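# Observations on the model geometry
Below are the chains, spelled out letter by letter.
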Amino acid sequence: MVQSASPTVRFLKAAELDSRMLGMIGALAMIWVGFHLLSGGLFLTPRNLWNLSVQSASVAIMATGMVLVIVTRNIDLSIGSMLGFIGMVMGAVQTDLVPKLLGFEHSATWAVALAIGLGLGIVLGGFQGLVVAYLGVPSFIVTLGGLLVWRGAAWWITSGQTIAPLDARFRLMGGGPEGSIGAGWSWAVGALACFAVILLMAGGRVRRRKFRFPLRPLAAEIFLGAAACTFIVAAIAVANAYPWPIGSVRRFAEANGISLPPGGLFIAHGIAIPVLIAIGVGVVMTFVATRNRFGRYVYAIGGNPEAAALAGINTRWVIVKVFMLMGFLAALSGAISIARLNAATNSEGTLAELLVIAAAVIGGTSLAGGAGTIAGAMLGAVLMQSLQSGMVLLGVDTPLQSIVVGAVLVAAAWLDGTYRRRV
Amino acid sequence: MDQMPDALVAMRDVAISFGGIHAVDRVSIELNGGEVTALVGHNGAGKSTLVKILSGAYQHYAGTIFVGGKEVAIGNPRDAKAYGIETIHQSLALADNLDAAANLFLGRELRTRWGTLDDIAMEAEARKVMRRLSPHFERFKEPVKALSGGQRQSVAIARAILFDARFLIMDEPTAALGPQETAQVGEIIRQLKADGIGILLVSHDIHDVFDLADRICVMKNGRIVGTVRVADVTKDEVLGMIILGNCPPSAIPGPGASVATNEERGRQR
Ligand SMILES: Nc1ncnc2c1ncn2[C@@H]1O[C@H](COP(=O)(O)OP(=O)(O)OP(=O)(O)O)[C@@H](O)[C@H]1O
Ligand SMILES: [Mg+2]
């Protein structure tokens, strides 16, 4: 190893930090500060950041699945259409099927609709996976077909009519004042997250000591833990600093028989439910990708499919499961999208597949397979959404927005490639 | 013919072809426990293909395989491993993006009591087995893509000896190794043999073969030329088997032995 490394590099090595991840965080910080200055202080506000988090959720959720798909040297172009189709099905189930069976605004409506949607996602994804893995049709072709088929099917359900409005409980998944968990619960989530971070770090240290493996310097460990907890607390403080709009407050006050004080009433949003779902998905998917046998096989297949097969891994079945997971996540994103819109339309999710792939690639997923992280892809989703909403704040025209996002994607892939060759 | 062989592993009339090329053509071979059998032959003779059939890499082959005297169906690598057959492939078959420990335990991961991957325990085991093979090896945290050819080969060998094999197939295991590591592998082969494990060693190095093997089996153009005890032949005779397909009198000839024509005898003289 290099002896004459600079102090920063030595610190990073000692802390075992991923320098690529740090680079992305740096890029994101630069974009945020840049937009903040250019917009005259409009970007780094609780309101904008909260909206940014909600807008990123749907793409971030699907990006976690796309990482695994791309890691196995496949691609899924069908997720946008699948999202649209499953969204229409969930819409029809909650406005048509369940009311007929159980009555209007039944408390289980949302659960039935969501369960059917998620199940359908697994089935559709699994079907595409079977064709890819067992019939040997390239995933690019299979999911390109899926892109056309599911979009057509979405139209078919209502002959193109929009389904609205949706079930009130289902709508909570979309965010908004009611679809957020409020200040108290947000702090509880934050405390839990900090506790989990500390527990994980301590647990890892204890196990490494038991096997007498080299440990990270204690200072680095404490610094990392403190940084993570500070970030969590800051994020929750921001979410809690964004108050309900006056209309919602008034309705809330009327419904609960509270008289509004003259200065108004400060009710914090807290973390939005879709964001909470996305974070949960991120944690679970990171666990799946790194701490679980299935994830290990996914990466092994991406690194060397022949070696994985010779090691006795049922590579085809693993691929099918990856596509099932992707379908499930597309369905989950579909639920969030239609809930946010309070309507299911047959064009929902158009081009989402490209945003998701872009997020994964910006987040360091290699299209050659074998490399990519869940956290990176989610960060990529946030980065892209930041660019987009920043440009909206600045009043940049839509065509120019596309041009910028496209250029950033290519630049990110190029930077990542050069980085990979050097390290 | 229909009698069950009492060898540890036996293949009978095994054949496979790829698009008209008979890569392995009616090969019969018996391999015993506690014995090293060397499989030699020119490039493209079919050695790796034969080895891959035994390790479950190919599904569509003709013929029968016996393990411990019983006919078995080896349809995939898991089957072979279940019969205690471990293989070091010529291509090494490593997942380049994973580290050494992940490769060693690929498909047979150690897990914690919660069912999660126990990376630390796997690394500890990896350190133990790698110390036997390559004492200087320290790069446990890096993907094996970053390792040298010899280090990668050591990882592939370690994977095969890590699990209690009854039968070990080594397809050119020392091709990329330095002298010290090669000696180490030779030592390990002797140890395993003493433990009663059967070994099939594919090698181009005639000196190594004479050093380590008990029997030599020669292949040419997908067929067995002959099998012979190391004590009964000279290196030149073995070279004659490999290059010309000539079977010396001490060898048991196979279907690939050339019926020497007058012309060839003339050329030899
Ligand atoms: N998957 C395959 N598809 C088509 N042909 C193959 C395949 N595998 C092997 N062959 C052919 O079968 C023959 C035997 O190849 P094999 O790899 O078994 O030779 P080998 O004896 O191991 O040679 P070497 O000493 O070079 O390793 C060759 O002619 C090769 O081209
Ligand atoms: Mg070979």
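Rules behind the numbers
- Residues numbered from 1 in each chain as written.
- Chains lettered and ligands numbered in written order.
- Predicted model: local features only at pLDDT ≥ 70, side-chain atom pairs only at ≥ 80, totals over all residues.
- Heavy atoms only, no water.
- Domains from an automatic or database assignment.
- Contact = heavy atoms within 4.5 Å.
- Buried area = accessible area lost by both parts, 1.4 Å probe.
- Salt bridge = Lys/Arg side-chain N within 4 Å of Asp/Glu carboxyl O.
- Helix = DSSP H or I, 4+ residues; strand = E, 2+ residues; numbered from the N terminus.
- Donors = N, O, S within 2.8 Å, 3.2 Å for Na, K, Ca; no water.
- Buried < 20%, exposed > 50% of the residue type's maximum accessible area, 1.4 Å probe, protein only.
- Pairing = 2+ DSSP bridges.
- Axes fitted to C-alpha atoms, helices over the stretch in contact; angles between N-to-C directions.
- Parallel < 35°, antiparallel > 145°, perpendicular 65-115°, else oblique.
- Nonpolar A, V, L, I, M, F, W, Y, C, P; charged D, E, K, R; others polar.
- Phe/Tyr/Trp six-rings, centres within 6.5 Å; stacked < 30°, edge-to-face > 60°.
- Right-handed = clockwise from strand over helix to strand, strands pointing away.
- Expected span 1.5 Å × (residues − 1).
- Patch = residues over 30% accessible without salt bridge, like charges linked within 9 Å, V, L, I, M, F, W, Y side chains within 5 Å.
- Areas by Shrake-Rupley, 256 points an atom, 1.4 Å probe, with all protein chains shown as cover.

The accessible area lost on association of the parts is a frequent measure of interface size. All names here are of chain B. Taken domain by domain, chain B holds domain 1 (4–84 + 166–268) and domain 2 (97–164). Contact residues are listed per partner, giving 16 residues for domain 1 and 14 residues for domain 2. Together, the buried faces of domain 1 and domain 2 total about 1100 Å²; carbon and sulfur atoms form 56% of this surface. At the boundary of domain 1 with domain 2, the tally comes to zero salt bridges. Considering each element in turn, the side of domain 1 that touches domain 2 owes the most residues, seven residues, to helix α6 (residues 179–194).

Residue and element names in this part refer to chain B. Donor atoms from the polypeptide that coordinate the magnesium ion (ligand 2) comprise Ser48 (OG) and Gln90 (OE1), at 1.9 to 2.1 Å from the metal. Taken together, the positions of Ser48 in helix α1 (residues 47–54) and Gln90 in the loop between β6 (85–88) and α3 (100–104) put the pair 42 residues apart, joining distant regions of the chain. Residue classification places Gln90 among the partly exposed positions, given a relative accessible area of 41%.

Residues and elements named next belong to chain A. That bond from Ala164 to Pro165 is cis: its omega, -10°, falls within 30 degrees of zero. Here Pro165 is to be found in the loop between α6 (139–158) and α7 (168–171). At Ser159, a residue that is not glycine, the phi angle is positive and equals roughly 55°. You can see Ser159 is positioned in the loop between α6 and α7.

A few words now on the sheet that holds strand β1 (residues 9–18) of chain B. Residue and element names in this part refer to chain B. Taken together, four strands build an open sheet; the order of strands is β2-β1-β4-β5 and the sheet is antiparallel. Each having just a single partner strand, β2 (21–31) and β5 (70–72) make up the two edges of the open sheet. With strand direction ignored, the average angle separating the axes of adjacent strands in the sheet is 30°. Taken strand by strand, α1 contacts β1, β2 and β4 (62–67), and its axis lies near 120° from that of β1.

Residue and element names in this part refer to chain B. Where β1 meets β2, six bridges bridge the pair, whose relative direction is antiparallel. Opposite Ile16, over in β2, you have Val24 as the bridge partner. Following β1, the chain reverses through two residues before pairing antiparallel with β2; Gly19 in that reversal takes a positive phi of roughly 50°.

Residues and elements named next belong to chain A. Structurally, Ile222 can be placed in helix α9 (residues 218–240). Judged by relative accessible area, Ile222 falls into the exposed class, the value being 56%. For Ile222 and Ile198, which are 24 residues apart along the polypeptide, the C-alpha to C-alpha distance reads 9.3 Å.

Here we take up the packing of helix α11 (residues 273–291) of chain A against helix α12 (residues 293–303) of chain A. All names here are of chain A. One can describe the packing of α11 onto α12 by two numbers: an axis separation of 5 Å at closest approach and a directional angle of 65°. Comparing their axes, α12 and α11 come out roughly perpendicular. Two secondary-structure elements touch here, α11 through Val288, Ala289, Thr290 and Arg291 and α12 through Arg293, Phe294, Gly295, Arg296 and Tyr299. A breakdown of the residues in the contact of α11 with α12 according to their chemical character gives four nonpolar, two polar and three charged.

To continue, consider the packing of aromatic side chains. Scanning the model with the defined rule gives 10 aromatic pairs over all chains in all. Seen from their ring centres, Trp50(A) and Tyr242(A) are 5.3 Å apart, and the 55° between their planes marks the pair as tilted. Highlighted residues: Trp50(A) in helix α3 (residues 46–71) and Tyr242(A) in the loop between α9 and α10 (246–256), separated in sequence by 192 residues. For the pair shown, Trp50(A) and Tyr242(A) are each scored as buried. Their ring planes at 85° and their centres at 5.0 Å tell us that Phe137(B) and Phe140(B) sit as a pair that is edge-to-face. Among the residues examined, Phe137(B) registers a relative accessible area of 4% and is labelled buried. A residue is classified by how much of its surface remains accessible, and Phe140(B), at 4% relative accessible area, is buried.

Residue and element names in this part refer to chain B. Here the structure, examined in full by the defined rule, presents 20 salt bridges over all chains. For Arg26, the salt bridge is made with Asp25, and the minimal N-O distance between the two is 3.9 Å. Note that Glu86 and Arg108 form a salt bridge whose closest N and O atoms lie 2.6 Å from each other. Of this pair, Glu86 sits in strand β6 while Arg108 sits in the loop between α3 and α4 (119–133), and the two are 22 residues apart along the sequence.

With that settled, consider the pairing of strand β7 (residues 167–171) of chain B. All names here are of chain B. Counting buried positions over the five residues of β7 gives five, a clear majority of the element. Neither face of β7 is left uncovered, since the one carrying Phe167, Ile169 and Asp171 and the one carrying Leu168 and Met170 both have all their residues buried. Taken together, the five bridges between β7 and strand β8 (residues 198–202) define a ladder with parallel strand orientation. Its bridge partner lying in β8, Ile169 is registered against Leu200. The handedness of the β7 to β8 crossover, carried by α6, is right-handed.

Moving on: helix α5 (residues 109–135) of chain A. Taking 1.5 Å as the rise per residue, α5(A) with 27 residues should run 39 Å; its terminal C-alpha atoms sit 38 Å apart, in good agreement. Remark: Gly136(A) follows α5(A) within two positions and exhibits a positive phi of approximately 70°.

This next bit is on a nonpolar patch on the surface. Residue and element names in this part refer to chain A. Together, Leu97, Leu101, Leu102, Val112 and Ile116 make up a nonpolar patch on the protein surface, roughly 430 Å² of accessible area in all. Counting only elements with at least two residues in the nonpolar patch, the list comes to α4 (79–102) and α5. Here the nonpolar patch takes three residues from α4, the largest share from any one element. Locating Leu97 in the fold gives a position in helix α4.

This part covers the sheet that holds β6(B). All names here are of chain B. Pairing in this open sheet of seven strands is mixed, and the strands run β6-β7-β8-β3-β9-β10-β11 from one edge to the other. Looking at the sheet topology across the chains shown, the edges are occupied by β6 and β11 (252–253). Bridging between β6 and β7 involves four bridges; their strand directions are parallel. Residue Ile88 lies in a different strand from β7, and its bridge partner there is Met170. Sheet contacts for α6: β3 (36–41), β7 and β8; angle to β8, the most-contacted strand, approximately 150°.

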